[in-house]
Amino acid sequence: MDELQINYIGEWYYTGLIGHLLTIISLSAAILATVSYFRAAQLQTKLETGLSDSWKKLGRVGFGITTIAVMGIIGILFYLILSHRFEYYYIYERSSTSMPIYYVFSCFWSGQEGSFLLWSFWTVILGVLLIRWAQKWENYVMTVFSLMQLFLASMLIGIYFFGYKIGSSPFILFRDVMPHLPIFANPNYATLIEDGNGLNPLLQNYWMVIHPPTLFLGFAACLVPFAYVIGGLWRQEYGKDWVLPTLKWSLFTAAILGTGILMGGAWAYESLSFGGFWAWDPVENASLVPWIILLGGIHTLVAYKHSGYALRITNILLLSSLLLILYSSFLTRSGVLGDTSVHSFVDLGMSGQLLIFLLSFVALSVVLLVKNWSSMPNPKKEESAYSREFWMFVGALIMTLLAVLIAIDTSWPVINSIVGTERTIEDPIEHYNQYTIWFAIVISLLSATIQYLRYKDSNVKKFFQKLIIATVLSLAATVAIVYGMEIYELAYVLFLFFSCFVIIANMNYIVAVLKGKIKVAGGSVAHIGFGLILLATMLSLGKKEVISLNRLGIHYGEGFDAQSSGENVLLYENTPIRMHDYFITYEGDTLEEPLTVHKVKFEKKQRELEPAEESFTLRPNTQLDPQNNLLPNPDARHYWNKDVFIYITSIPDKSKQKEEYKEIELGVGDTALVGGKFISLKKINPAPINPQYLNMPGDIAAGAMLEVRTMSGKIYAAEPVYYIRHNKEESIDAGVEDLGLTFNFLKIFPETGKIKIGVEDKERSDFIIMKAMIFPYINVLWLGCLVMVVGFFMSMAQRNRESKRLALNQAKNQGSSNPYPSNKQNGQGTKADVEQALKVKNDKRLND
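Everything in this summary refers to the structure shown in the same document. Every value quoted in this text rests on a predicted model; they were computed, and no experiment measured them.

Structurally, Leu571 can be placed in strand S4 (residues 569-572). On the accessibility criterion, Leu571 (0% relative accessible area) is buried. Along the chain, Leu571 and Phe767 lie 196 residues apart, while their C-alpha atoms are 5.5 Å from each other.

Relative to strand S19 (residues 728-732), strand S18 (residues 721-725) runs antiparallel, the two being bridged by 5 bridges. Looking at S19, one finds that Val721 is bridged to Ile732.

All right, on to the pattern of salt bridges then. Evaluated as defined, the whole model comprises 16 salt bridges. Close ionic contact of Arg637 with Glu614 constitutes a salt bridge, the shortest N to O distance being 3.4 Å. One end of the pair, Arg637, is in strand S11 (residues 635-638); the other, Glu614, is in strand S8 (residues 614-618), and 23 residues separate them in sequence. Each of Lys136, Arg235, Glu237 and Asp241 takes part in salt bridges that share partners, so that together they form one network.

Let us now look at the sheet that holds strand S21 (residues 741-749). Read across the open sheet, the 4 strands follow the order S13-S22-S21-S20; overall the sheet is antiparallel. On the outer flanks of this sheet lie strand S13 (660-667) and strand S20 (734-736), each paired with one strand and no other. The mean inter-strand angle of the sheet, taken between neighbouring strand axes irrespective of direction, is 30°.

Our next topic: helix H3 (residues 49-82). Here H3 is 34 residues long and its end C-alpha atoms lie 49 Å apart, about the 50 Å a rise of 1.5 Å per residue gives. At the exit of H3 stands His84, carrying a positive phi of roughly 55°.

Viewed as axis vectors pointing N to C, helix H11 (residues 240-271) and helix H13 (residues 311-333) meet at an angle of 40°, and their least axial separation amounts to 13 Å. By the angle class used here, H11 and H13 are oblique. Note on packing geometry: the crossing formed by H11 with H13 is left-handed. From H11, Trp242, Thr246, Ser250 and Leu257 reach across to H13, where they touch Leu311, Asn315, Leu318 and Ile325. The class makeup of the residues in the contact of H11 with H13 is 5 nonpolar, 3 polar and no charged.

Moving on, we get to unusual backbone geometry. Even without a glycine there, the phi angle at Trp280 is positive, about 55°. Within the fold, Trp280 resides in the loop between H11 and helix H12 (282-307). Look at Trp280 and you get buried, because its relative accessible area is 10%. A positive phi angle is found at Tyr777, which is not glycine, with a value near 55°. Its place among the elements puts Tyr777 in the loop between strand S23 (767-776) and helix H22 (778-813).

Here strand S15 (residues 677-685) pairs with strand S16 (residues 700-709) via 7 bridges, running antiparallel. When the bridges of S16 are listed, Ser680 appears paired with Glu707. Two strands pair when backbone bridges link them, and S16 and S18 are joined in this way by 4 bridges, in the antiparallel orientation. Bridge pairing in S18 places Ala702 opposite Tyr722. As paired strands, S16 and strand S17 (residues 715-718) are joined by 4 bridges and run antiparallel to one another. Each bridged residue has a counterpart across the sheet, and for Val708 the counterpart in S17 is Tyr716.

Calculation notes
- Residues numbered from 1 in each chain as written.
- Predicted model: local features only at pLDDT ≥ 70, side-chain atom pairs only at ≥ 80, totals over all residues.
- Heavy atoms only, no water.
- Helix = DSSP H or I, 4+ residues; strand = E, 2+ residues; numbered from the N terminus.
- Buried < 20%, exposed > 50% of the residue type's maximum accessible area, 1.4 Å probe, protein only.
- Pairing = 2+ DSSP bridges.
- Salt bridge = Lys/Arg side-chain N within 4 Å of Asp/Glu carboxyl O.
- Axes fitted to C-alpha atoms, helices over the stretch in contact; angles between N-to-C directions.
- Expected span 1.5 Å × (residues − 1).
- Parallel < 35°, antiparallel > 145°, perpendicular 65-115°, else oblique.
- Left-handed = near helix turned anticlockwise from the far one by under 90°.
- Contact = heavy atoms within 4.5 Å.
- Nonpolar A, V, L, I, M, F, W, Y, C, P; charged D, E, K, R; others polar.

By themselves, these observations are geometric and do not establish any function.
Rendered as structure tokens:
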């Protein structure tokens, strides 16, 4: 860059330069932390405490520096976005001067570089917490965390090494990306870039402000149980002081990652127009699969904690959850998904680097598993088939199988590229639902019943006796719902029963077995939330009702097939029509850059002229992408037992003139829509009647007997004429003056029996085409999500209390009968010491 350009860009150039320097510092410090913590862990394993502590201090310094550098990078990038410095390519591509301030966060993490930075942010935050809390495991878990930060930092460095690009910097200048553009010949080019491209319209939603940070916190948190497993394998130590922190962090990860996934479902429900909350999008699946595997690992870890069984499968599952997160990142960021997902990033040429990232952690996991396989505790005695740990193991295997099937179907783009096939899934929702429903039924059965079993062995008769009440109540609830909602398909009835069963059985377990001790009921509460989600899925999606039925029988043309035409309703401005229990009126639109907000008024009444029982206005919005494709955002009216959900499927092109000319092809009985009027061909008249047509000998003539119907029900007729005279084609127009329509009979197609009509419309009306649905009991889904996450946090709090009790007992075993020793040399303690010890004992009794 020459001196003039540097002088002009001034502080902005150097601000970006500082940001780029911080990425290099972050990478260098991460390398230092990785090496130092690795060496500290090696020396700790050899019991060389002094040297180990010295290396640990150096590791802390390195990780502290990389943490500060990451915070600096984030601050600088936010500063440049808020300052609209469009000379930086990342900011030009994703920001604009008209973008609302609250979308600055979405802009920040909408690209690969920003999302890696967000992931890095949560990684260093969790790393700092582990430095404080991990105690004897610090060296081991922080070796893993530092290694992860090393790879994440390398994704942001954006330099070439022996001709290979390492990472992609968010601070690269626009002129360095596209130097051939003429604008960069001007030394003051920054003043000529007045605005940026703006944020992807699909991301302009408040959920995209909070969903990615939560999801990436879940991604980063997956590293914690992974790191503890690596530490356990490294030390060959799998006691309670390993189990409890691993379990606690696994529960935290499950809660956060699950929340992030469910937020994505809420975003899809409110922002996407497929009519639901889960579309089995490849990127959605890529987050779901690690979560399912993690849940399997949590259950086997609990089984190991109580019985000593299933340690090997636990380690495999907890390691795999992070590896699948890395695999999902490869899928999302390598460009391999192409257009199969609305979430995938554009390929930045880092596929090789992403693959190295993934394979490095795979190699670390495999090497340590193989090396320590024989040393992992593995009781020789087989588990009893009537024990809780046996069926928890079976449940984990079933969840693993489900995750594998979803992963394979999600990975077809990768498989196709490797083996040269061309397999695609045409209807993902139908395809995945075909097998996931049966997995959900089996998992529901296990979630409802396993906790009634005891560890080691159980009395089978007592087991079934405890389930009698829950079974009867679930059958009664199922019969009531089946009768009330007319659900008769076998798979749906079974799904409904087991959804009720998992809810009622877990509620019964809390009351009858745990005696209402809610502090230790986290697992049951999470299972209840899971059951509510399944129940809501059955009721809301299985029984959703399309109410925007096209009763006029017309085909809306391009972009609509027969089914979609039948499920969309045409609304003209200020022209009410009847739809389901409502009269609805399109009241026009307003421009709220970059959105067009369409106002649709709903009035619940039986007749148009009578007073409405209820009235409300929904405001779905639309915008156009750079290719002029319509991007609709839905709106909904929320009730306690349903949602009325609408979105726009077509709008007129207002860039055209008021007057419109359109050519349509019709057969007898066909209807077409032009400018808000329905044009029907009633008959082809071989003896046309038109005042302007004079029949001459030798003429071959035909009249198109057209019926024109308005939205208000008025009917008009017109008959344009087509004739051949002296081997020359001629036509005579006909019109409907009241509607500003003129028809021109252009051609006859004998082979299809259709004709071509030209229509000139001088009085175009504003309109929308809209789809409306009712989702019954959708709020049960959101309630289930909340209850399940609360259950995870309750379980985490329970394990945290167990960790404190373990630390207390360890302190006692190290030589002090009083966990709060006094300053007295005789060891008897003061009165306050005794009172504190009694309080701790009482707290322990309550927790138990």
